[in-house]
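Observations on the model geometry
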Amino acid sequence: MASAALELMGFFLGLLGLLGTTVATVLPYWQISAHIGSNIVTAVANMRGLWMECVFQSTGAFQCETYNSMLALPSNLQASRALMVISVVLSVLAIAMASLGMQCTLCLEGSGAVKSRVAGASGGLFLAAGFMSLIPVAWTTHEVVQTFYQPNVPTSMKFELGECLYVGLASSLISMLGGAMLCVTCCEVQAGGRGRRLGGGYPYPGVPGPGARTTSQTYHNPSMQMGGGNAASRLRTTSHSSQSSAHAAQGNKKPTAAGYDITGYV
């Protein structure tokens, strides 16, 4: 029960990480123009993202322009695009596999350890997706901070950290946390199944092994299943007839072997 709850928590954390990664990939708030020094005019704000560059004016006008050529972009921007897209794709695949492998779903029911392995594989995909999205976020953050503190760069060309960098960082950590939870539940299920297989044995009466299927070992006499009263009367009649046979055997001249009936039936 605890592993199922942990799987659900990991699944929803991975789903939340996917939403945050998608938002950080699409929106242009990766770099925001810094208003410092002589650049204190806040009437215009420039924003840069992975796919477009936008300008926001104090009058409320918001204009965006996509990058015309992909090959003309800097190598770091191209790599950031590729890594973020790969992260989103891996998260989608992880959600699909987690829907098949979680204990609360009916898919792959009765397949044994395959279901838990599918859930563990989805956790690994969540971990890979979070790591993929963490690389461009950390890379861009390092470049923005490094450029901001360079004295030879004009103040109009300096940018600050945008909201998408914070969202991307949180989303990557959440995705990796959800993936780790799914992997932990997979390991717990595998360990529990291995213990059940090793602990199971022949079902001895009264001493069931851990994980072994208990079966009833009581023998029922067919002649005693007709009713409680009839069975008792038959037992009394049988005991009387056994005593009579014993007395008759004592008067017989032929020697007989001494013995007794352990079952109580004639």
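Each residue is numbered by its place in its chain's sequence as written, counting from 1. Confidence filtering applies because this is a predicted model: local features only for residues at pLDDT of at least 70, side-chain atom pairs given and counted only at 80 or more, and all residues used for totals across whole chains, interfaces and linings. Excluded from the side-chain calculation are hydrogens and water; included are all heavy atoms of the structure.

**Some thoughts on the sheet that holds strand β5 (residues 159-161)**
Taken in spatial order, the 5 strands make up an open sheet running β4-β3-β2-β1-β5, and their pairing is antiparallel. Looking at the sheet topology across the chains shown, the edges are occupied by β4 (62-66) and β5. Direction aside, neighbouring strands of the sheet carry axes that sit 25° apart on average. Against the sheet, helix α3 (residues 113-148) engages β1 (31-33) and β5, with an angle of about 140° to β5. Between any two strands, pairing holds if DSSP finds at least two bridges. Only DSSP runs of H or I with at least four residues qualify as helices, and only runs of E with at least two residues qualify as strands; both kinds are numbered from the N terminus onward. Orientation is described by lines fitted to C-alpha atoms, with helices fitted over the stretch in contact, and by angles between N-to-C directions that extend from 0 to 180 degrees. Working rule for contacts: check all heavy atoms of both residues, and any pair within 4.5 Å makes them a contact.

**A look at the confidence of the model for the protein**
By definition, pLDDT measures how confident the predictor is in each residue, and it falls between 0 and 100. Per-residue confidence for the protein gives a mean pLDDT of 76; residues scoring 70 or more make up 66%. Averaged over each element, pLDDT in the protein is lowest for helix α5 (residues 228-250) (49) and highest for helix α2 (residues 75-101) (92). Contacts of residues 194-219 to residues separated by more than four positions or lying in other chains number 12 contacts, the stretch itself having pLDDT below 50. Low pLDDT, under 50, characterises residues 253-261; the stretch is placed with 1 contact to residues that sit more than four places away or in other chains.

**Remarks on the pattern of salt bridges**
We define a salt bridge as a side-chain nitrogen of Lys or Arg found within 4 Å of a carboxyl oxygen belonging to Asp or Glu. Under the criterion given, the structure shown has 1 salt bridge. Among the ionic pairs, Glu53 bridges to Arg48, the shortest N-O distance being 3.6 Å.

**A word on the side chain of Thr21**
Within the secondary structure, Thr21 is located in helix α1 (residues 2-26). Judged by its relative accessible area of 2%, Thr21 falls in the buried class. Setting aside its immediate chain neighbours within four residues, Thr21 contacts Met84, Ser87, Val88, Ser133 and Ser171. Note on exposure labels: buried denotes an accessible area under 20% of the residue type's maximum, exposed denotes more than 50%, and partly exposed covers the range between, all computed with a 1.4 Å probe on protein chains only.

**Looking at the packing of aromatic side chains**
Geometrically, a pair of aromatic rings is defined through the distance of the ring centres and the angle of the planes. The aromatic pairing rule takes the rings of Phe, Tyr and Trp, using the six-membered ring of Trp, and pairs them if the centres are within 6.5 Å, calling planes under 30 degrees apart stacked, those over 60 edge-to-face and the rest tilted. Evaluated as defined, the whole model comprises 3 aromatic pairs. When the ring of Phe56 is compared with that of Phe62, the centres are 6.1 Å apart and the planes differ by 55°; the resulting orientation is tilted. By relative accessible area, which is 38% here, Phe62 ends up partly exposed. Taken together, a centroid distance of 5.3 Å and an interplanar angle of 85° make the contact between Phe148 and Tyr149 edge-to-face. Relative accessible area serves as the criterion here: at 22%, Phe148 is assigned to the partly exposed category. With a relative accessible area of 65%, Tyr149 lands in the exposed category. Over a ring means this: the NZ of a Lys or the CZ of an Arg is within 6 Å of the ring centre and within 35 degrees of the ring normal. Between Lys158 and the ring centre of Phe148, over which it is positioned, the NZ or CZ distance is 5.8 Å.

**Some words on a nonpolar patch on the surface**
Note on patches: the residues involved have over 30% relative accessible area and no salt bridge, like charges join within 9 Å, and the nonpolar side chains Val, Leu, Ile, Met, Phe, Trp and Tyr join within 5 Å. Using a 1.4 Å probe, accessible areas were evaluated by the Shrake-Rupley method; residue-level cover was limited to the displayed protein chains. Residues Leu8, Phe12, Leu15, Leu16 and Leu19 make up a contiguous nonpolar surface patch of roughly 440 Å² in combined accessible area. For Leu8, the location among the structural elements is in helix α1.

**Some words on the nonpolar core**
Counting residues in each nonpolar core, the largest one holds 9 residues, listed as Ala24, Trp30, Leu50, Leu73, Leu77, Met84, Val137, Cys164 and Leu165. Non-local contacts of Met84, meaning those with residues more than four positions away in its chain, are made with Thr21, Ala24, Thr25, Trp30, Leu50, Ser133 and Pro136. Ile95, Ala98, Met102 and Phe126 belong to the second-largest nonpolar core, a separate cluster that totals 8 residues. Grouping buried Ala, Val, Leu, Ile, Met, Phe, Trp, Tyr and Cys residues that are joined through side-chain atoms within 4.5 Å yields what is termed a nonpolar core.

**Considering the UniProt feature "transmembrane region" (unreviewed entry) in the protein**
UniProt positions are given in the numbering used here, feature names are shortened, and annotations may be inferred rather than shown by experiment. Using the residue numbers shown here, the UniProt feature "transmembrane region" (unreviewed entry) corresponds to residues 82-106, 118-139 and 165-187. In the segment residues 82-106, helix accounts for 80% and strand for 0%; the C-alpha atoms at its two ends are 35 Å apart. The span residues 118-139 is 100% helical and 0% strand by assignment, and the distance between its end C-alpha atoms comes to 32 Å.

**Digging into the packing of α2 against α3**
Remark: α2 packs on α3, axes separated minimally by 8 Å, with the N-to-C direction vectors making an angle of 160°. Accordingly, the angle class assigned to the pair α2 and α3 is roughly antiparallel. The handedness of the crossing between α2 and α3 is left-handed. Of the residues that constitute the contact of α2 with α3, the class distribution is 22 nonpolar, 8 polar and 2 charged. Between 65 and 115 degrees an angle is taken as roughly perpendicular, under 35 as roughly parallel, over 145 as roughly antiparallel, and anywhere else as oblique. A crossing counts as left-handed when the near helix is turned anticlockwise from the far one by less than a right angle, and as right-handed when that turn is clockwise. Polar here means any residue other than Ala, Val, Leu, Ile, Met, Phe, Trp, Tyr, Cys and Pro, which are nonpolar, and Asp, Glu, Lys and Arg, which are charged; Gly is therefore polar.

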